[in-house]
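Here is how the chains run, residue by residue.
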Amino acid sequence: MGVDVDGDEIRVGVDDRGVARIEIHRPHRMNALNGAASAGIMAACNELSDRDDVRAVVIDGMGGNFSTGADVVDVFQGGQGSGGGMDPTRARGIISGGSELVRAVRRVGVPVIAAVDGAAAGVGASLAFVADLIYATERSYFLLPFVNIGLMPDGGATMSVAASIGRARANAMALLGEKLPAAEAFDAGLVTKVVADRTALDAVVEQVTDKLAQSSPSALRITKAALDAHTMSDFEAALGHELDGQTELLQSAEFQAAIAAFVGAKR
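Residues numbered from 1 in each chain as written. Predicted model: local features only at pLDDT ≥ 70, side-chain atom pairs only at ≥ 80, totals over all residues. Heavy atoms only, no water.

Enquirer: I tried to follow the packing of helix H1 (residues 35-49) against helix H3 (residues 88-107) on my own but got confused; where do I start?
Expert: Each pair of packed helices gets described by two things: the angle between the helix axes and the distance between those axes. Running from amino to carboxyl end, H1 crosses H3 at an angle of 25 degrees, the nearest separation of the two axes being 8 Å. Of the possible angle classes, the one that applies to H1 and H3 is roughly parallel. Our pair here, H1 against H3, has a crossing hand that is left-handed. Of the residues in H3, those touching H1 at Ser38, Ile41, Met42, Cys45, Asn46 and Ser49 are Gly97, Glu100, Leu101, Ala104, Val105 and Arg107. When the residues that make up the contact of H1 with H3 are grouped by side-chain class, the tally is six nonpolar, four polar and two charged. (Axes fitted to C-alpha atoms, helices over the stretch in contact; angles between N-to-C directions. Helix = DSSP H or I, 4+ residues; strand = E, 2+ residues; numbered from the N terminus. Parallel < 35°, antiparallel > 145°, perpendicular 65-115°, else oblique. Left-handed = near helix turned anticlockwise from the far one by under 90°. Contact = heavy atoms within 4.5 Å. Nonpolar A, V, L, I, M, F, W, Y, C, P; charged D, E, K, R; others polar.)

Below, the structure written as structure tokens:
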């Protein structure tokens, strides 16, 4: 059972249990998301959310990382406004795109599982955090590095992280911009389970999806919706704050200097 998604960077399929897999396939860029990859995930989620035969959706990253966030060179470079920062319209469009990405994931009515191996950083971390169940390998880590380049977390992370681990730990993660190893993320309540390695990750995801595939689809959907009504009720408000704040910060001299240094280091 296939899914109609164009492009080589996102691979999607549905098995005979009704378990869908969305795989980010940009290992050469550590699965950083460019416009095409984000569009592919959104298209897949939109199609899967309309299918009655889908019981669960797994989002995974191939090649050793979940996703290192937005592909900085592809997404952020260029497009300067008259003041030297990013053009406000372009900035707002970029952040709106990230908001639509996580909205698409949240619109999937059945449980969404993030299978994290390696880095989940930036909007890649935000993508994992909006999943319903998060499984990670011991070597994995989560990182909201935005403040380190003059930005703020987006993709709903200002709300989803706080909803999972509380204000104090969310503030530390967002304001300090430091890596949170998988074991610490589990202790904080940010992930569902930590396993030894990729083999164990595949095994636990298979076990969980098999259980979900045998459960009542209506019960799964209604239970998820009820939980979301309490734990994710401020999600849209968070996206609005992030859109306004990030649009402003993308025009700042600090961000432009950080991007120039990053691009220069890559050459």
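The rest of the description comes next.
Enquirer: How should the pattern of salt bridges be read in this particular structure?
Expert: When the charged atoms of two side chains with opposite charge come close together, those side chains can pair. The full count for this structure, using the stated rule, is 18 salt bridges. The closest approach of N and O atoms between Arg92 and Asp244, which form a salt bridge, is 3.2 Å. Residue Arg92 is located in helix H3, and its partner Asp244 is located in helix H10 (residues 235-249); the two are separated by 152 residues in the primary sequence. According to the relative accessible area criterion, Arg92 is partly exposed, its value standing at 36%. Notably, a salt bridge pairs Glu236 with Arg103, separated by 2.8 Å at the nearest N-O pair. Of this pair, Glu236 sits in helix H10 while Arg103 is found in helix H3, placing the two residues 133 residues apart along the sequence. Each member of the salt-bridge network shares a partner with another, and the members are Arg21, Glu23, Asp60, Arg198 and Asp202. (Salt bridge = Lys/Arg side-chain N within 4 Å of Asp/Glu carboxyl O. Buried < 20%, exposed > 50% of the residue type's maximum accessible area, 1.4 Å probe, protein only.)

Enquirer: Is there a simple way to think about the layout of surface pockets in this case?
Expert: Approximately 860 Å³ is the volume found for the largest pocket. Lining the largest pocket are 39 residues, with Thr68, Gly69, Ala70, Asp71 and Val72 positioned closest to its centre. Where the lining of the largest pocket is concerned, the elements lending two or more residues are H1, helix H2 (72-75), H3, strand E7 (141-143) and helix H11 (253-266). In the lining of the largest pocket, the residues fall into 23 nonpolar, twelve polar and four charged. In this model, the second largest pocket occupies a volume close to 530 Å³. As for the second largest pocket, its lining consists of 24 residues, of which Ala131, Asp132, Leu133, Asp228 and Thr231 are closest to the centre. Those elements that place two or more of their residues in the lining of the second largest pocket are strand E6 (133-137), helix H5 (157-165) and helix H9 (217-231). In terms of residue count, H9 provides more of the lining of the second largest pocket than any other element does, seven residues in total. For the lining of the second largest pocket, the residue count by class is 14 nonpolar, six polar and four charged. (1 Å grid on protein atoms, 1.4 Å probe; cavity = no way out; pocket = protein on both sides within 12 Å on 5 of 7 lines; lining within 4 Å. Points joined across faces, edges and corners; volume = space filled by probe spheres on them.)

Scope: geometric values only; no functional claims are made or implied.
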